[in-house]
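These are the residues of each chain, in order.
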Amino acid sequence: MSTTTTSGETVTQPAPAQTVRIGVLAVQGDVREHLAALTALGAEAVTVRRPSEVEQIDGLVIPGGESTVMDKLVRAFELREPLVRRIAEGMPAYGSCAGMIMLADRIVDARPDQQTLGGLDVTVRRNAFGRQVDSFEQDLEYVWSDPDSSGTVHAVFIRAPWVEEAGADVQVLARVSEGAAAGRIVAVRQGNLMATSFHPEVGGDRRIHAEFVSIVRAHRLQQSGASQSPEREDTA
Ligand SMILES: NC(=O)CC[C@H](N)C(=O)O
């Protein structure tokens, strides 16, 4: 951000650390609902379709859709390399449903040749709930980070995956509460990466997006602190 003073001098000011720009991967899937949720929470929400756009965001949401198609398009649009790199560098990312599959290091029931971006040390089973139950809804206990959030989450599952195995560094945030799949892991966090099997963007509950936006804000603050410290040393 730059402003011109009365003397005509241009002064560059860093954007306020609380302003975060969050990209929604927009090659396929339910992009609009995520943009709306992020905007409602005060983030600048933008679509990501080009490699250059991957460099300009503080965090990324990968929506639900179809992971096999998303994978093909991510590769065709040359987004794979920059996304994998930025995730490995610590950029926060949140994946819902197909997005959870995209963030998983390992998939069971993948299409031949299907790749993920990876980052989350989990094994995810695609279409885990089976054909009989294409979609269903359940209230789940959720491990909130935000002290202002509490209570259960109304989770909508649509041909959803579950987390079959989670590495030691993965925090389990929610499990299926009832039925044949009771106990299955359906929400996780590992560092700056978060994923849910269900679709919080359906139904207007913004608490899960709020959890992600705070991860992005915290990371952004940390980054701006790190980039300012050499300057502070110079002026001291
Ligand atoms: N709603 C969804 O995102 C479904 C995910 C889909 N079954 C997949 O494998 O990608």
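Scroll up a little and you will see the structure.
Note that this is a predicted model, so its numbers are computed, not measured. (Residues numbered from 1 in each chain as written. Predicted model: local features only at pLDDT ≥ 70, side-chain atom pairs only at ≥ 80, totals over all residues. Heavy atoms only, no water.)

Description of the packing of aromatic side chains
For step 1, the next point in the chain: All told, the structure shown has seven aromatic pairs when counted by the stated rule.
For step 2, the next point in the chain: When the ring of Phe-129 is compared with that of Trp-162, the centres are 5.1 Å apart and the planes differ by 85°; the resulting orientation is edge-to-face. Note that Phe-129 is positioned in the loop between strand E8 (120-125) and strand E9 (135-140) and Trp-162 in strand E11 (residues 162-166), a separation of 33 residues in sequence. Both residues of the pair, Phe-129 and Trp-162, belong to the buried class.
For step 3, the next point in the chain: Plain terms: the ring middles of Tyr-142 and Trp-144 are 4.4 Å apart, the flat faces sit at 40° to each other, and that makes the pair tilted. (Phe/Tyr/Trp six-rings, centres within 6.5 Å; stacked < 30°, edge-to-face > 60°. Helix = DSSP H or I, 4+ residues; strand = E, 2+ residues; numbered from the N terminus. Buried < 20%, exposed > 50% of the residue type's maximum accessible area, 1.4 Å probe, protein only.)

Focus on helix H3 (residues 67-76)
For step 1, the next point in the chain: Regarding H3, the residues found buried are Ser-67, Thr-68, Met-70, Asp-71 and Val-74. Taken around the axis of H3, the buried residues stretch over an arc of 165°, which confines them to a single face. Residues of H3 that are exposed and angled more than 90 degrees away from the buried face: Lys-72 and Ala-76.
For step 2, the next point in the chain: Contacts from the buried residues of H3 go to strand E3 (21-25), strand E5 (59-62), helix H4 (80-88) and helix H5 (98-103).
For step 3, the next point in the chain: Glu-78 lies just past H3 and shows a positive phi near 60°. (Arc of directions from axis to C-beta. Contact = heavy atoms within 4.5 Å.)

Topic: the site of the ligand
For step 1, the next point in the chain: Taken together, the residues surrounding the ligand are Gly-64, Gly-65, Glu-66, Ser-67, Cys-97, Ala-98, Ile-101, Arg-126, Asn-127, Ile-158, Arg-159 and His-199.
For step 2, the next point in the chain: Here an oxygen atom of the ligand and a side-chain polar atom of Arg-126 are 2.8 Å apart.
For step 3, the next point in the chain: One nitrogen or oxygen atom from the main chain of Ile-158 is found 2.9 Å from a nitrogen atom belonging to the ligand.
For step 4, the next point in the chain: Bound to the protein, the ligand loses 97% of the 300 Å² it would expose on its own.
For step 5, the next point in the chain: Partitioning the shell around the ligand into residue classes produces four nonpolar, five polar and three charged. (Near = heavy atom within 4 Å. Polar contact = N/O pair within 3.5 Å; in protein donor to acceptor, adjacent residues only side chain to side chain. Areas by Shrake-Rupley, 256 points an atom, 1.4 Å probe, with all protein chains shown as cover. Nonpolar A, V, L, I, M, F, W, Y, C, P; charged D, E, K, R; others polar.)

Re the nonpolar core
For step 1, the next point in the chain: Ranked by size, the top nonpolar core spans 35 residues in total, and within it Ile-22, Phe-129, Tyr-142, Phe-157, Val-186 and Phe-198 carry the most contacts.
For step 2, the next point in the chain: Among the elements of the structure, E3, helix H1 (31-40), E9, strand E10 (153-158), strand E12 (171-175), strand E13 (185-190) and helix H6 (207-235) are those that each provide at least two residues to this core.
For step 3, the next point in the chain: Considering every element that reaches this core, the biggest residue donor is H6, with five residues.
For step 4, the next point in the chain: Here Phe-198 is in contact with Tyr-94, Ser-96, Cys-97, Leu-140, Tyr-142, Val-153, Ala-155, Val-156, Phe-157, Val-186, Ala-187 and Ile-208, once residues within four sequence places are set aside.
For step 5, the next point in the chain: Within the second largest apolar cluster, 30 residues are counted, among which are Leu-25, Val-27, Val-170 and Ala-195. (Core = buried A, V, L, I, M, F, W, Y, C linked by side-chain atoms within 4.5 Å.)

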